Structure formats: structure tokens, C-alpha cells
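If you want the building blocks of each chain, they are given just below.
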Amino acid sequence: MGLRTSPRETRSPTLLTAVGEKTLVLSLAVARTETCHPPTFVPSLPPCATRSPAPSMPVIETYELTKRYGRRAAKSVLAVDQVSFAVEEGQVFGFLGPNGSGKTTTIGMLVGIVNPTGGNFQLFGASDPKGLLAARSRVGATLETPNFYPYMSGRDNLRIAAAIKGVGRARIEECLELVGLADRAKHRFRTYSLGMKQRLALAATMLNDPELVILDEPANGLDPQGMREIREIVRILADRGKTIFLSSHLLWEVERTCTHVAIVRKGRIVARGTVEEVVSAGKSALLRAGDEDALAAALEGCPEVMSVRRSEEGGIVVGLRSDDLTGLNRYLAARGIHVSHLAPHRPSLEEVFIDLTRGDFDSMTEIAS
Ligand SMILES: Nc1ncnc2c1ncn2[C@@H]1O[C@H](COP(=O)(O)OP(=O)(O)O)[C@@H](O)[C@H]1O
Ligand SMILES: [Mg+2]
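Every value quoted in this text rests on a predicted model; they were computed, and no experiment measured them. (Residues numbered from 1 in each chain as written. Chains lettered and ligands numbered in written order. Predicted model: local features only at pLDDT ≥ 70, side-chain atom pairs only at ≥ 80, totals over all residues.)

> Describe the site of ligand 1, and please don't skip the residues or the numbers.
All residues adjacent to ligand 1 are Tyr69, Val77, Ala79, Gly97, Asn99, Gly100, Ser101, Gly102, Lys103, Thr104 and Thr105. Of all the elements in the fold, those that place two or more residues in the shell around ligand 1 are β4 (77-88) and α1 (103-111). Looking at side-chain class alone, the shell around ligand 1 contains three nonpolar, seven polar and one charged residues. (Near = placed C-beta within 6 Å. Helix = DSSP H or I, 4+ residues; strand = E, 2+ residues; numbered from the N terminus. Nonpolar A, V, L, I, M, F, W, Y, C, P; charged D, E, K, R; others polar.)

Encoded structure:
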């Protein structure tokens, strides 16, 4: 069954109020609409999500959502390529991928500032323009770097956002408390650290008490302390039952914060599910041999092997296309390599991420830092 909305109908810019350039605040009357289920997702991927306790409803569903920037084929960029995923109520869903993999574009389509060029999506079961208008009133979104009036205090910036959203003053104080800015609220925005700026953006996002919180790279550029603060706020929001969709290129941020993950590469989802599901879907083996340099060289040439790396605990870990370890052993033996150890290996999410996004990073530090 296909969704009924044409991609062109999904744009509704009147919903969005810019607080500065990029901080989006969605605020309209609450309404529920009928749920309409999309077709089954990509069969080769693990099923999307272990469902949270019943009854649960999809908060976001995308079906082959696609965005191509530019019309002329030679110059156009396929930023998002047939992306299908579902986010259930109460999940903390990580949208993980290297820079340029289409995360912001996907979020832009969900919040209505980017027009899809293919596929469909639903928010709270709604896909028609009127339903999306109502659904977006239940969404709070922060896109990229927050931008407020620098000469005004944090509280006054929130007052402007609250006035636009029709939110009372008491709620401003609650949101300042939530993000730990109550005692700095009277200071000018320009005196804030980047972490405080991000937290003020989160406060603005939370003003209308959204059920779905969308955060685009909330920890981008922050020091470890700033990241910890954001993580703590995300945890508090999750404890309060909010559904959270956050994008990141930082693997460990997603691993520590999220219940579910989709890994995106060059606009396509390459894995999704719970962190556990994604990890267990990765096929990996640990090998040892007397001459590990010769072993590594032989493994590099094996068509079944996707990646080869030295384990910190000793031995060599390989990412495999299949779990045929007997075939791997035969391949090595035929090249005169006799292993002393060959066994399935449980990869970390980091190893899975590296395998799936191989070649997309200039260095390993980007994902590890
Ligand atoms: N407005 C735009 N016009 C043309 N290309 C764009 C535009 N926005 C993003 N892109 C391109 O789309 C791809 C995905 O970008 P983006 O969604 O920002 O990725 P991410 O958020 O994962 O870093 C990149 O190749 C980027 O250069
Ligand atoms: Mg981005």
C-alpha cells in the first residue's frame, strides 16, 4: 500500500518560525489524524526496531524518501536516496552518518523546509498537508547551529520564541531549568559558550512541550563537558516520554544516547534497528597466526573480506560478507597460511559503522573523537 501524499504537498513553510536563521520552532494547534501504514521496508535490512511496550504508534515513518538537489543531471546531487525507516513512540533514534550523508536534508524534509523529490513520509500518521500541519505542532526541531539575538539575554530570546508560539512565561522558566540555564538566563546570549547556546536552542525547542524532539547534530562542536550536558538533557527528555530523533556523525554519541539507530551512507540507509540488532547483523571473525603480517596480507586479498584490522587484544579482526568461516579457512590454507585461532567475533557498533561507511572518512579520528 502506498502513501497518499504527493511529495510536493509536504512543504508548509508557514509553520516555521525562525529564531535567528536556523533554529526552527514549530507551533500550531494540536490535532490527531488517522494512521496510514506504509509498505514493508527494505527486506534485506533487519526489521526496524524492537517495539516499545504496546500500544506504540509510529511517530515518524518514511518510505523511499528521496531528495535530489538541482535539476540538471550533470550538476544535481542525490542527497537522500530512497530512505525508509520508522521511529516509534518513546524511542531515542540516532540517525548516524558521516558528513554529507544526507542527515540534515532528511530532517529538512520532515520539518517541511526541504521538498522531497520522491517517496513519502508521515508524522504522527499524517501525510496530507492539513494533517502534517497539525502533526508538526507536536514537533520541536533544532537544526544545526542555533542563532539568537546576541545582544539580548537568553531569557529575552526565549520570550520572543515563546510569544511566537503563544507560550506563557512560566514555561520559559521551566525550559531554562530543564537545560540548566536558569542562573545564566539574564546574561546576554553573546557571552554564552557554544554548549550554552546549544542548550538555549534546546530550551526554545521545548517551549511548546513537543512530543517529538528532532535534533540535528546537537553535540556538534562541543567539548566533552558540553556533549555530556546535551546527553543528560536528552536522557531527561526520554525519561519524560518524549520521542527523540537525533542526527550525528559521532558514533559514540549515538551509542551512548540512543535506543535505536539508522546508519546512513551517501544518502542511503545501510543498517538500522536497535544498537544490538545493528551490531549482531555485522559478520566478523577474529584470527590468529604465527605470522600475522602474512595473515593480514592474505586476508586483504580475500574477496569475502570487507575489512582487516589489528585487534587491540591481539589477533586480526575481519569484517566478512558472509559467516562462512570454513571457506575463509580454506582460502587461507590454500595460500599457505595456517591459523591458530579462527572464531566469530562480536563487533562493536564502531566496527560495524566503519565497515558500513568505509571510505567516507578522511581519518578515523572523526568518528572516534
Ligand atoms: N541546498 C543544497 N543544494 C545543493 N546541495 C546540497 C544542499 N544541501 C545539501 N546539499 C548536498 O547534499 C548532500 C547531503 O548534505 P546534508 O544533508 O547536509 O548532509 P549531512 O547533514 O549528513 O552532513 C551533500 O552532498 C551536500 O553537499
Ligand atoms: Mg548536517
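Picking up after the structure, the text goes on.
> Provide a residue-level description of the nonpolar core, including the pertinent values.
With 79 residues, the main nonpolar core has Ala203, Ile214 and Ile263 as its most contacted residues. Residue contributions to this core peak at seven residues, all from helix α5 (residues 194-206). Residues Leu287, Leu320, Leu332 and Ile337 belong to the second largest nonpolar core, which totals 14 residues. (Core = buried A, V, L, I, M, F, W, Y, C linked by C-beta atoms within 7 Å. Buried ≥ 20, exposed ≤ 12 C-beta atoms within 10 Å, placed from the backbone.)

> Help me get a handle on the pairing of strand β7 (residues 139-142), residues and values and all.
Every second residue of β7 is oriented toward a common face, with Val139 and Ala141 on one face and Gly140 and Thr142 on the other, all of them buried. Where β7 meets strand β8 (residues 212-216), four bridges bridge the pair, whose relative direction is parallel. What sits directly across from Thr142, in β8, is Leu215. (Pairing = 2+ DSSP bridges.)

> Which residues make up the environment of Val179, and what values do they have?
Take Val179: it is sitting in the loop between α4 (169-178) and α5. On the neighbour-count criterion, Val179 (24 C-beta atoms within 10 Å) is buried. Along the primary structure Val179 and Ala201 are separated by 22 residues, whereas in three dimensions their C-alpha atoms are 9.4 Å apart. For Val179, the residues in contact, after removing those within four places along its chain, are Arg199, Leu200, Leu202, Ala203 and Ile233. (Contact = placed C-beta atoms within 7 Å.)

> Would you mind going over the environment of Ile263 in detail, with residue names and values included?
Inspection of the secondary structure assignment puts Ile263 in strand β10 (residues 260-265). You can call Ile263 buried: it has 25 C-beta atoms within 10 Å. Between the alpha carbons of Ile263 and Phe353 there is a distance of 7.3 Å; along the sequence they are 90 residues apart. Not counting residues within four places of it along the chain, the set of residues in contact with Ile263 comprises Leu96, Gly97, Ile269, Val270, Ala271, Arg272, Val278, Phe353, Leu356 and Thr357.

> Please set out the sheet that holds strand β14 (residues 316-320) residue by residue, giving values where relevant.
Strand order across the open sheet formed by four strands is β13-β14-β12-β15, with antiparallel pairing between neighbours. Edge positions in the sheet fall to β13 (305-310) and β15 (341-344), since each has one partner strand and no second. Between one strand axis and the next, the sheet turns by 20° as a mean value, whatever way the strands run. With five bridges connecting them, β13 and β14 associate as antiparallel partners. In the strand pairing of β14, Val305 is matched with Leu320. Across the sheet, helix α9 (residues 292-300) is in contact with β12 (284-288), β13 and β14; its angle to β14 comes to roughly 10°. (Axes fitted to C-alpha atoms, helices over the stretch in contact; angles between N-to-C directions.)

> So, helix α11 (residues 349-356): which residues are in play, and what are the values?
The buried count for α11 comes to seven of eight residues, which makes it a mostly enclosed element. Residues of α11 that are buried include every one of Leu349, Glu351, Val352, Phe353, Ile354, Asp355 and Leu356, and no others.

> A description of the sheet that holds β10 should follow, citing residues and the corresponding values.
Across the sheet, six strands lie side by side as β7-β8-β9-β5-β10-β11; this open sheet has mixed pairing. Edge strands, defined here as strands with exactly one partner in the open sheet, are β7 and β11 (268-274). Here the strands of the sheet are splayed against their neighbours by 15° on average, with no regard to which way each runs.

> How would you explain unusual backbone geometry if you had to name every residue and give the values?
Of all residues except glycine, most have a negative phi; of all peptide bonds, most are trans. Of note, Glu217 is a non-glycine position whose phi angle comes to about 50°, a positive value. Relative to the assigned elements, Glu217 resides in the loop between β8 and α6 (224-239). The phi angle at Lys266 is positive, at roughly 50°, despite the residue not being glycine. For Lys266, the location among the structural elements is in the loop between β10 and β11.

> Any details on the environment of Ala297? Residues and values, ideally.
For Ala297, the location among the structural elements is in helix α9. A count of 13 C-beta atoms within 10 Å places Ala297 in the partly exposed class. When the C-alpha positions of Ala297 and Val308 are compared, they lie 9.2 Å apart, and in sequence the two are 11 residues distant.

> Kindly report on the packing of helix α3 (residues 154-165) against α4, identifying the contributing residues and their values.
At a minimum axis separation of 10 Å, α3 and α4 run at an interaxial angle of 125°. Relative to α4, α3 is oriented oblique. When you trace α3 past α4, the crossing you get is right-handed. Of the residues in α4, those touching α3 at Arg155, Leu158, Arg159 and Ala162 are Arg171, Ile172, Cys175 and Leu176. Here the contact of α3 with α4 is composed, by residue class, of five nonpolar, no polar and three charged. (Parallel < 35°, antiparallel > 145°, perpendicular 65-115°, else oblique. Left-handed = near helix turned anticlockwise from the far one by under 90°.)

> So, the packing of α5 against α6: which residues are in play, and what are the values?
Running from N to C, α5 and α6 cross one another at 15°; their axes reach a closest spacing of 9 Å. Here α5 lies roughly parallel to α6, going by the angle between them. Crossing of α5 over α6 shows right-handed handedness. In this structure, α5 uses Leu194, Gly195, Gln198, Arg199 and Leu202 to contact α6, whose residues at the interface are Gly226, Glu229, Ile230 and Ile233. Counted by class, the contact of α5 with α6 contains four nonpolar, three polar and two charged residues.

> Please give an account of the confidence of the model for the protein chain that cites residues and values.
Confidence along the protein chain averages 80 in pLDDT terms, with 80% of residues attaining 70 or more. Low pLDDT (under 50) marks residues 1-53, which in the prediction has 145 contacts with non-local residues, meaning those over four places away or in another chain. (pLDDT = per-residue confidence, 0-100.)

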